[in-house]
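Chains, contacts and geometry: an overview
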Amino acid sequence: MVRVIRMAEERARINESQQAIKKYLSARLGLESKPMQNKVDRITDLYLLHHLLDDLYRAEKEGL
């Protein structure tokens, strides 16, 4: 039972990270970001999602 709860929590964190990235892409790039958003849905590694979001924020900051 504990394992099932952990898996559900991890899936929720993955979904939360995916949604944050997609929201960011949509805000920055509009409809042009749709292909990238679709690819984000296929990423299920929480570590990769966190680093992708960090890289997106870093790229914006460096671009200013």
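Details of the structure are given in the entry above.
Residues numbered from 1 in each chain as written. Predicted model: local features only at pLDDT ≥ 70, side-chain atom pairs only at ≥ 80, totals over all residues. Heavy atoms only, no water.

**A word on the overall build of the protein chain**
What counts here: Under the DSSP-based scheme used, a helix requires at least four consecutive residues in state H or I and a strand at least two consecutive residues in state E, with every element numbered from the N terminus. When we talk radius of gyration, it's over C-alpha atoms, and the globule rule is simply 2.2 Å times the number of residues to the 0.38. Each residue is assigned to one of three classes by its accessible area relative to the maximum for its type, calculated with a 1.4 Å probe on protein chains only: buried under 20%, partly exposed between the two thresholds, exposed over 50%. Two residues qualify as a contact provided that any one of their heavy atoms is within 4.5 Å of a heavy atom in the partner residue.
When helices and strands are counted, the protein chain shows 3 helices and 0 strands. Counted from the first residue to the last, the protein chain has its helices and strands arranged as α-α-α. Relative to the globule expectation of 11 Å for 64 residues, the C-alpha radius of gyration of the protein chain, 13 Å, shows a markedly less compact shape. The C-alpha extent of the protein chain, read off along each of the three principal axes, is 45 × 25 × 15 Å. Counting all 64 residues of the protein chain, 22% fall into the buried class. Put simply, of all contacts in the protein chain between residues at least 6 apart along the chain, 52% involve residues at least 24 apart.

**Examining the side chain of Gln18**
Rules: Here a polar contact is recorded for every N or O atom pair within 3.5 Å, except that within protein the pair must consist of a potential hydrogen donor and a potential acceptor, and residues adjacent in sequence are included only if both atoms are side-chain atoms.
Tracing the sequence through the fold places Gln18 in helix α1 (residues 2–29). A distance of 3.4 Å separates a polar side-chain atom of Gln18 from the backbone oxygen of Val40.

**What about the packing of aromatic side chains?**
For clarity, the threshold we go by: Note on ring pairs: Phe, Tyr and Trp rings are taken, using the six-membered ring of Trp, and paired if centres are within 6.5 Å. Classes follow the plane angle, with under 30 degrees stacked, over 60 edge-to-face and the rest tilted.
By the definition in use, this model includes 1 aromatic pair. Where Tyr24 meets Tyr57, the ring centres are 5.2 Å apart and the plane angle is 85°; that geometry is what we call edge-to-face. Remark: Tyr57 occurs in helix α3 (residues 46–63) and Tyr24 occurs in helix α1; sequence separation between them is 33 residues. For Tyr57, a relative accessible area of 43% puts it in the partly exposed group.

**What to know about the environment of Arg13**
Take Arg13: it is sitting in helix α1. Taking relative accessible area as the criterion, Arg13 reaches 41% and is therefore assigned partly exposed.

**Digging into the nonpolar core**
The following threshold applies: For this analysis, a nonpolar core means a set of buried residues of the types Ala, Val, Leu, Ile, Met, Phe, Trp, Tyr and Cys, connected via side-chain atoms within 4.5 Å.
Core analysis: the biggest nonpolar cluster contains 9 residues, these being Ile14, Ile21, Tyr24, Leu25, Val40, Leu46, Leu49, Leu53 and Leu56. Listing elements by their share of this core, those giving two or more residues are α1 and α3.

**Some words on α1**
Here is the rule we go by: Helices are assigned an expected span. That span is 1.5 Å times one less than the residue count.
With 28 residues, α1 should reach 40 Å at 1.5 Å per residue; the first-to-last C-alpha distance of 40 Å fits that figure. Taken together, the buried positions of α1 are Ile14, Ser17, Gln18, Ile21, Lys22, Tyr24 and Leu25.

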